[in-house]
Amino acid sequence: MDVGRAVSLGDTASIQDVAFGGSAPFSGDAAFGGSAPFSRDAVFVGRAAELALLRAELRAAVEGRARVVAVEGPEGIGKTALLHQALAECAEGLDAGTGPRADRGGRAGAGAGMRVLAVSGERGERELPFGLVRQLVRQAAGLDDPWRAGRALAAEIDRLEAEGPLAVLVDDVQWADRSSLLSLGYVLRRLPRGRLLVAVAGRDLGDEWLPEGLRRFLAGDAVRRLALGGLTAADLSALARAAQAEARVTGRAAHAEAGVTGRAAHAEVGLSGRAAERLCAHTGGNPLHARALLATLTPRRLADTGTPLPAPETYTRSFARRLGACDPAARTLVAACAVLGESCDLHMAVAVAAAVRDPAGAQGPRTAPGAPEAAAAGGHRRPLTGGGAPRGGAFEALQKAVEAGVLEEGPGRTVRFASPLAQAAARAWLGAAERARLHEAAARLVEDAGAALRHRAAAAGRPDDALAEELAGLAAKEVQHGQWREAAACLHAAAALSESPARREELRTAVLEHTLLGGDVTRAVELAAEPSADPRPFRRYVLGRLALAAGRLERAGELLADAWREREPAFAADTAEQLAWLNLVRGRLHAAAGWADLAVGQPLQGAAARPYDVLALAGWPRAGMPEDGLAAGVARLRDGDVPGALSVLGGVVAALERAGLPHHRLMAAALLAVAEYRDGRWDEAAARAERALAEARGLGQRWLLPWLGVVCAAVPAARGERERALAHAGAALAAARRMRHARGEAVAGAAMTLLAPMLPAPGAHTPGSLTSGSLTSGALVPRALVPTAGSPTAGSPDMAAAYGDPFAAGLWPLLVERLISEGRLDEAQAELAARGDTRCTGPARARLEGLLLGARNVPAGAEIRLLRALELARVAADPLEEGRALLGLGMVLRRTGRRRAAAERLRTAYELLDRLGARPLAETCARELDACGAHPPGTVRPALTSGAAGAGGEGGQTR
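Below you will find a few notes about this structure.

How each quantity is defined
Residues numbered from 1 in each chain as written. Predicted model: local features only at pLDDT ≥ 70, side-chain atom pairs only at ≥ 80, totals over all residues. Heavy atoms only, no water. Helix = DSSP H or I, 4+ residues; strand = E, 2+ residues; numbered from the N terminus. Buried < 20%, exposed > 50% of the residue type's maximum accessible area, 1.4 Å probe, protein only. Contact = heavy atoms within 4.5 Å. Areas by Shrake-Rupley, 256 points an atom, 1.4 Å probe, with all protein chains shown as cover. Phe/Tyr/Trp six-rings, centres within 6.5 Å; stacked < 30°, edge-to-face > 60°. Lys NZ or Arg CZ within 6 Å of the ring centre and 35° of its normal. Axes fitted to C-alpha atoms, helices over the stretch in contact; angles between N-to-C directions. Parallel < 35°, antiparallel > 145°, perpendicular 65-115°, else oblique. Left-handed = near helix turned anticlockwise from the far one by under 90°. Polar contact = N/O pair within 3.5 Å; in protein donor to acceptor, adjacent residues only side chain to side chain. Pairing = 2+ DSSP bridges. Expected span 1.5 Å × (residues − 1). Salt bridge = Lys/Arg side-chain N within 4 Å of Asp/Glu carboxyl O.

This part is about the overall build of the protein. Of the regular secondary structure elements, the protein holds 43 helices and 11 strands. Burial statistics for the protein: of 959 residues in total, 53% are counted as buried. The contacts in the protein between residues at least 6 apart in sequence include a share of 67% that link residues at least 24 apart. Accessible surface, the protein as shown: approximately 40100 Å² in total, 52% of it carbon and sulfur.

This is the structure we're talking about:
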């Protein structure tokens, strides 16, 4: 055994960058600090909080306060990488002879010349007495008991600490020999004061293999304990990007000879957010296993929800050892659970396991996948389902599987796999014949007809038209319960079992349609890219619907028009409805309403058809619309019935969740956020809008992004969070322009035009960038958005309704306020004259009329209209308009010399606006109150000079 060597962290030339690894070994034969140089991972992501804590502990150690850190977590979670990263950062921040200092990133370094003694336990040396101590103590001869060894180890640490700051790393403590662990406990309980850090890392620091005294010490208050969890999806995305960069740098020569494989594939395509989330859920964020999958699977494969993710070899090795150590009954139980799903009843798993009898010699031995050690030794495993079944000893078999870390007990005597990786590894462990036998047994035993049918399909070894049609029938039943993705899976299985090529193509088109209606546009795009021989107009309708959802509007128009020309009653309504949506996003509201009317008039309606929603959003509501649908919610929003809109839209979101229609649900959620914004529930509105936007991006529902982005901008804009509001509006505008989404472009452009004066930026619209004239006649739009002769929106008068779009919360009042503030009073008057006096526009209209009269120096008329606006806002339960009306009224009163009355109104306005979080308006109230000689509620006004105090009385000179 090589003796550990103290390595100076002051020698930064000894730091080597190696590939990322959750617990990557060091090069060379020795442990950390042996013959190999001190090294860290070239790629390290996440763990910001843990790194900050370790930096603080290192600083304290260098300052003379001895510290003990314990890091625990499962295999591959990154314990070693974390400790090496912290020490390497300190090495990079050293300044010889000066002690702790700040490194390039502003973090404090550990000090000059810190030494590191790093050792680790080894599985094969667990029974070797004093194996760990012998790595640390140079003079190891004569160590025959833990206490003498402990004293020798303490003396060695004292000697090295006297020479300078020292860090002692004990890794993989779960594999250390018992005698060394007793010695380590002796040292830790008698830790000297000094420049010393001891870090202990292991999978489970409460493991009974560790001596009781050591376990108690590591769990005590004197130890800083870190329990590492998995990385986040964002961290895994960063890891994938780093893998791409590494592949580009290190793989070019190899690629020239062997082509792009493994991690190099990620240099071509980035890891999507959905792929990162799926990878995170599958691996639990374990960096070792995530890295292994990134090295073998393409980003597209990681994002493909239609195919289960495998278990990487880094996991299957340990899984093979654990499962191979179980008795035959436990292995058979695991096999039964592997085909029954993520969770199942214990009695059902036992019944399936009991039903599988493997005759002696029916199947020869097969090497366990992922167990190269056994294969190299010439050993073979028994078939997983051989050796009997756990009928009498079900609980004993379950206990063995739980102890092996393969299964877990759930509530109500249910059983589930310990992790998605465990389930994937168990399925890979099974052979094809074993899986078929288990599925056959499950098909006979499960009570649910749908589950039995799926097991029959999984066990089928040849085409079966009858079984395929049964699966198609099951898919129809799944649709009735909103299970579109489950229905798509049934149809996919049916297509694989169909003997007729024509029927197979029809079923594949149905898979595409159901995947799309289930909301997964990204997966639908991948399915559509597969070759198809389906010549029916129905497929062109489905592809047109997909093109619309993906934001390819021109292609959508071609496909849907073609499908309509050869329409059949079964999908005529759906095609007309999609053409209505297409015209809506193109800004052609009259045409959208016409197609929607045509869809309503068709005799057969599709399960996902919502033509009345198009009519409502286009501003052409029709009689007969459902009272509990999105159209009714839009109508209530337009009428100013905010409580009614909240009630209806909340029900719509819940109903669409049950129906499994994410594209409609996301739209309803955005409108519900608009209603919550107008109701003053800004936190809820902002959170709901952000969730909808993130989900739409993840699903690939690009056509919704401009609307959702504008809704997301509303709350930040009202709160004065200018950069965030502009970021949302700018992203919405960019997305709309890429798609030529005219409606979204107009709404997002209007938002940008009105927000830009708040935060000027390159390319932003500036004050005065609005054309003159009335918006309702189509003339008042941002100059950058004026249609040109060759654009798809040219000559479309329906673009004029951009400021009145239901998704554009509060843009119309901002427009008129902007015109008034710029002194363009005639244009503001024209806008007001063009607006109807509805319950929705009533409060804002009355307030704006008051502001306009004030600007024309008609204070009496202004006061009357502002009082009317206040009354209407309270009736409509619109707190933002109420606060604005109070602010406007206070300003008029102050300017007419009635400061005391003005201050009363302004204080009420301030309280209301401050409670909402409308910071810019609240700040305006505060300035007006200051001008009245008053101050906002809850604030302390600075002392005034005598001259200033004398000017603040009632009826004094106004400012």
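There is more to say after this.
Across all of its chains, the model carries 10 aromatic pairs by this definition. Relative to Phe571, the ring of Phe538 lies with its centre 5.6 Å away and its plane at 70°, an arrangement referred to as edge-to-face. Residue Phe538 is found in helix α24 (residues 537-549), and its partner Phe571 is found in helix α26 (residues 569-585); the two are separated by 33 residues along the sequence. In terms of burial, Phe538 and Phe571 fall into one category: buried. The interplanar angle of 15° and the centroid separation of 5.5 Å between the aromatic rings of Tyr677 and Trp682 together place this pair among those described as stacked. Tyr677 sits in the buried class, given a relative accessible area of 9%. Taken together, the ring pairs connect Trp581, Trp703, Trp707 and Phe807 into an aromatic cluster. Sitting over the face of the ring of Trp209, Arg126 holds its NZ or CZ atom 4.1 Å from the ring centroid.

Right, let's talk about the packing of helix α25 (residues 553-565) against α26 for a bit. With their axes 10 Å apart at the nearest point, α25 and α26 run at an angle of 150° to one another. When the interaxial angle is binned, α25 and α26 end up roughly antiparallel. The two elements α25 and α26 cross, and the hand of that crossing is left-handed. When α25 is examined against α26, the residues Leu553, Ala556, Gly557, Leu560, Ala561, Ala563 and Trp564 are found in contact with a partner set consisting of Phe571, Ala572, Thr575, Ala576, Gln578, Leu579, Leu582 and Val585.

Before going further, it helps to spend a moment on the side chain of Thr314. Note that Thr314 resides in helix α12 (residues 313-324). At 2.8 Å, the side chain of Thr314 forms a polar contact with the side chain of His289. Those residues in contact with Thr314 that sit more than four places away from it in its chain are Leu288, His289 and Ala292.

Attention shifts here to the sheet that holds strand β9 (residues 343-345). With antiparallel pairing, 3 strands are arranged side by side in an open sheet as β9-β11-β10. Both edges of this open sheet fall to β9 and β10 (407-410), since each of them pairs with a single strand only. Taking the axes of each pair of neighbouring strands and ignoring which way they run, one obtains an average angle of 30° across the sheet. Bridge count between β10 and strand β11 (residues 414-417): 4 bridges; the pairing is antiparallel. By the bridge assignment, Glu409 is partnered in β11 with Val415.

A separate point is helix α13 (residues 328-340). Given a rise of 1.5 Å per residue, 13 residues ought to cover 18 Å, and the 19 Å separating the end C-alpha atoms of α13 matches this to within 8%. Buried within α13 are the following residues: Ala330, Arg331, Thr332, Leu333, Val334, Ala335, Ala336, Cys337, Ala338, Val339 and Leu340. Just downstream of α13 lies Gly341, where phi reads positive at about 110°.

With that settled, consider the pattern of salt bridges. Considering all chains together, one arrives at 52 salt bridges under this definition. Where Arg565 meets Asp562, a salt bridge forms, and the shortest distance between an N and an O atom there is 3.5 Å. Here the residue Arg565 and the residue Asp562 both occupy positions in helix α25, the gap between them amounting to 3 residues, near one helical turn. On the accessibility criterion, Arg565 (59% relative accessible area) is exposed. For the salt bridge of Arg719 with Asp683, the shortest nitrogen-to-oxygen distance reads 2.5 Å. With Arg719 in helix α33 (residues 705-719) and Asp683 in helix α32 (residues 682-699), the pair connects residues that are 36 residues apart, well separated along the chain. Put simply, Glu676, Asp679, Arg681, Glu684 and Arg688 are held in one network by salt bridges that share partners.

Another aspect to go through is the side chain of Ser183. Mapped onto the secondary structure, Ser183 falls in helix α5 (residues 178-189). On the basis of relative accessibility, which here comes to 0%, the residue Ser183 falls in the buried class. There is a polar contact of 2.9 Å between the side chain of Ser183 and the backbone oxygen of Pro146. For Ser183, the residues in contact, after removing those within four places along its chain, are Phe130, Val133, Pro146, Ala149 and Gly150.

Moving on, we get to the pairing of strand β7 (residues 196-202). For β7, the tally of buried residues reaches 7 of 7 residues, placing the bulk of the element in the interior. Pairing analysis gives 6 bridges linking strand β4 (residues 67-72) to β7, with the strands arranged parallel. Directly across from Val68, in β7, lies its bridge partner Val198. Of the strand pairs in this sheet, strand β6 (residues 166-171) and β7 are connected by 5 bridges, and their pairing is parallel. Across the sheet, residue Ala167 finds its bridge partner in β7, namely Leu197.

Purely spatial values, then, with no claim about function.
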